[in-house]
Structures are given as C-alpha cells and as structure tokens.
Amino acid sequence: MADDVGATQSFYGRWARAYDWLATAPGVGSWRDRAADALALDPGDTVVEMGCGTGANFSHLRDRVGPDGRVVGVDLTRGMLRRANERVDRAGWQNVHIARADARRPPIDGPVDAVLATFVVGMFADPRPAVERWVETLAPGGRIALLNAGRSDRRVAAPLNLGFRAFVRAAAPGDGRESPSKSLERRVATARDAVYSNCPDHGYEEFGLGYLGLAWGERSEV
C-alpha cells in the first residue's frame, strides 16, 4: 500500500460510511472480539487503538475495561473520526476518547495496558518503527494485538482472492514495483516480526477462511 498520508486520508474519508458498514457487517464482530480477547484486558485497564477508524472496535474494548477503564482511539482521517465521535456520542461513553494524530507517532506517553491495531500496519511503508514504538508504550505485562487481512492459500477461498486483490488495489494502488497485495502482506509480516522481536511471549492464529491473521505479544515484566 502506498505510504501517502494524503491519499490514505482521501480514500478513507470518501468511503467512511461504506467502510463503517463493512466494519460492522454480520460476522465481523466475532473477529473484533477475538482481537480484543487477545489483549487479556481487565476492568479498569487503559487500551489504545491505533488507527481506530470509525470506532468499530470501541464497544468490544469498552465491554472489557468497563466504565472505570479507558479507551483511546487514534486516527488521522477526519471522515473516519467524525463517525467515531458519532458512535461515542450515541452510546454516551464518558471513558472513550479520540485523538486526531498519526498512529505512527501517537501522542501517547504511556504506560498503558494494551495496544490494538486492526487493518492498519499495511498502510505504513515500514511498520517496524511504529510497532516498536507501540510496544514501548506498554506497561510491563501489557499486550499488543495486530489484526490484519491477506490472501488465503485455501482452495475454497481462491475465487475470493480476486475480490481481495481488487479491494487492495483500489484502496492503495502502490508504486508499480510490487503488487499491492504482495506489498500489504510483506508489511504485515514485518509488523508481526516486530511484535515477536520485542515480546518474549507471543502468538498467532488464522481464521476467516485464512484471510485474517491475529498476532499478539506481551511485554516482558522486567
């Protein structure tokens, strides 16, 4: 995916409404539950979502931290954040806060209990520095989880791979030196490696016909 902040904001700003519909479509909530579960949150915890988009994960995170915890969403796209703020206002959540900022350099000092990023790291030319910065904001024993999509190598999913490639190409045409799908998958793999390199305890699982990968890591206690 092209690492062009202006192009990214323009695309997701135009398609914020459609993206929100897709992000909350039937069945998608179970993916978000799995990502939230990987953070092992407790009531009262503070969790930061990098690239929160329209806030589709907020309810899943708030359910786990409770009214005494705190959810912070970070995103750069005004159209997405407008819908995220609407979601927070409708629900009346007093402990969900939103910041307009670049998730690669979030205005979060930490320590926080958890960091979540869903379908975000593939937008960064080199996601490693961002992921390492996210891990650094974690308190000892805090967790990070990355949920991402990629082409499936399962035979039953072969026809759907064409649609996936088309969506990735539309979202970010790339630079012509590498196909958008391959670029996305390479960046996701780099981000996952950054988690593994900085978190002694980590894991990975695939689901959704092999299209979804969830990587998590826990920061060392020392």
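Coordinates for the structure precede this section.
Residues numbered from 1 in each chain as written. Predicted model: local features only at pLDDT ≥ 70, side-chain atom pairs only at ≥ 80, totals over all residues. Heavy atoms only, no water.

A. Just the overall build of the chain, in detail. Along the chain, the regular secondary structure elements total 8 helices and 7 strands. Expressed as a percentage of the 222 residues in the chain, the buried residues total 50%. Residue pairs at least 24 apart in sequence account for 73% of intrachain contacts in the chain once pairs closer than 6 positions are excluded. (Helix = DSSP H or I, 4+ residues; strand = E, 2+ residues; numbered from the N terminus. Buried < 20%, exposed > 50% of the residue type's maximum accessible area, 1.4 Å probe, protein only. Contact = heavy atoms within 4.5 Å.)

B. Inspection of the pairing of strand β3 (residues 96-100) at higher detail. Across 5 bridges, strand β2 (residues 70-75) lies against β3 in parallel orientation. Within β3, the residue paired with valine 72 across the bridge is histidine 97. (Pairing = 2+ DSSP bridges.)

C. Main features of helix α4 (residues 58-65). Among all positions of α4, only Phe58, His60, Leu61, Arg64 and Val65 are buried. The arc that holds every buried residue of α4, seen down its axis, measures 165 degrees, which confines them to one face. Of the residues one or two after α4, glycine 66 is the one with positive phi, at around 70 degrees. (Arc of directions from axis to C-beta.)

D. Representation of the packing of helix α6 (residues 128-136) against helix α8 (residues 180-198) in the model. Following both chains from N to C, one finds α6 and α8 inclined at 35 degrees, their axes separated by 9 Å at the closest point. Relative to α8, α6 is oriented so that their crossing is right-handed. On α8, the residues that touch Arg128, Val131, Glu132 and Val135 of α6 are Thr190, Ala191, Asp193, Ala194, Val195, Ser197 and Asn198. Taken together, the residues of the contact of α6 with α8 break down into 5 nonpolar, 3 polar and 3 charged. (Axes fitted to C-alpha atoms, helices over the stretch in contact; angles between N-to-C directions. Left-handed = near helix turned anticlockwise from the far one by under 90°. Nonpolar A, V, L, I, M, F, W, Y, C, P; charged D, E, K, R; others polar.)

E. Here's a closer look at the pattern of salt bridges. Applying the stated criterion to the full structure yields 7 salt bridges. Put simply, arginine 104 and aspartate 102 hold a salt bridge, and the shortest N to O gap is 2.7 Å. For the pair formed by arginine 104 and aspartate 102, the shared burial category is buried. The partner of glutamate 218 in a salt bridge is arginine 143, with the nearest N and O atoms 3.1 Å apart. Highlighted residues: glutamate 218 in strand β7 (residues 212-218) and arginine 143 in strand β5 (residues 138-149), separated in sequence by 75 residues. Of the residues examined, arginine 143 reaches a relative accessible area of 17% and is grouped as buried. A single network of salt bridges, built from pairs that share partners, joins Asp33, Asp37 and Arg64. (Salt bridge = Lys/Arg side-chain N within 4 Å of Asp/Glu carboxyl O.)

F. Molecular detail of unusual backbone geometry. In this structure, the amide linkage connecting glycine 110 to the following residue, proline 111, adopts the cis form with an omega of 0 degrees. Here the phi dihedral of alanine 40 falls at roughly 50 degrees; this positive angle occurs in a residue that is not glycine. On the secondary structure map, alanine 40 appears in the loop between α3 (28-38) and β1 (46-50). The phi dihedral of phenylalanine 119 falls on the positive side, at around 55 degrees, and the residue is not glycine.

G. Summary view of the packing of aromatic side chains. Using the criterion set out here, one finds 1 aromatic pair in the structure. When the centroid spacing of 6.3 Å and the interplanar angle of 70 degrees are considered together, the rings of phenylalanine 124 and tryptophan 134 count as edge-to-face. Highlighted residues: phenylalanine 124 in the loop between β4 (112-118) and α6 and tryptophan 134 in helix α6, separated in sequence by 10 residues. Tryptophan 134 matches phenylalanine 124 in its accessibility class, with the two residues each being buried. Here the guanidinium or amino end of arginine 143 rests over the ring plane of tryptophan 216, the centre of that ring lying 4.1 Å away. (Phe/Tyr/Trp six-rings, centres within 6.5 Å; stacked < 30°, edge-to-face > 60°. Lys NZ or Arg CZ within 6 Å of the ring centre and 35° of its normal.)

H. Broad picture of the environment of isoleucine 144. Take isoleucine 144: it is sitting in strand β5. Residues isoleucine 144 and leucine 39, spaced 105 residues apart in sequence, show a C-alpha to C-alpha distance of 6.3 Å. In this structure isoleucine 144 touches Leu39, Val115, Val131, Trp134, Val135, Leu138, Val195, Cys199, Ala215, Trp216 and Gly217, once residues within four positions along its chain are discounted.

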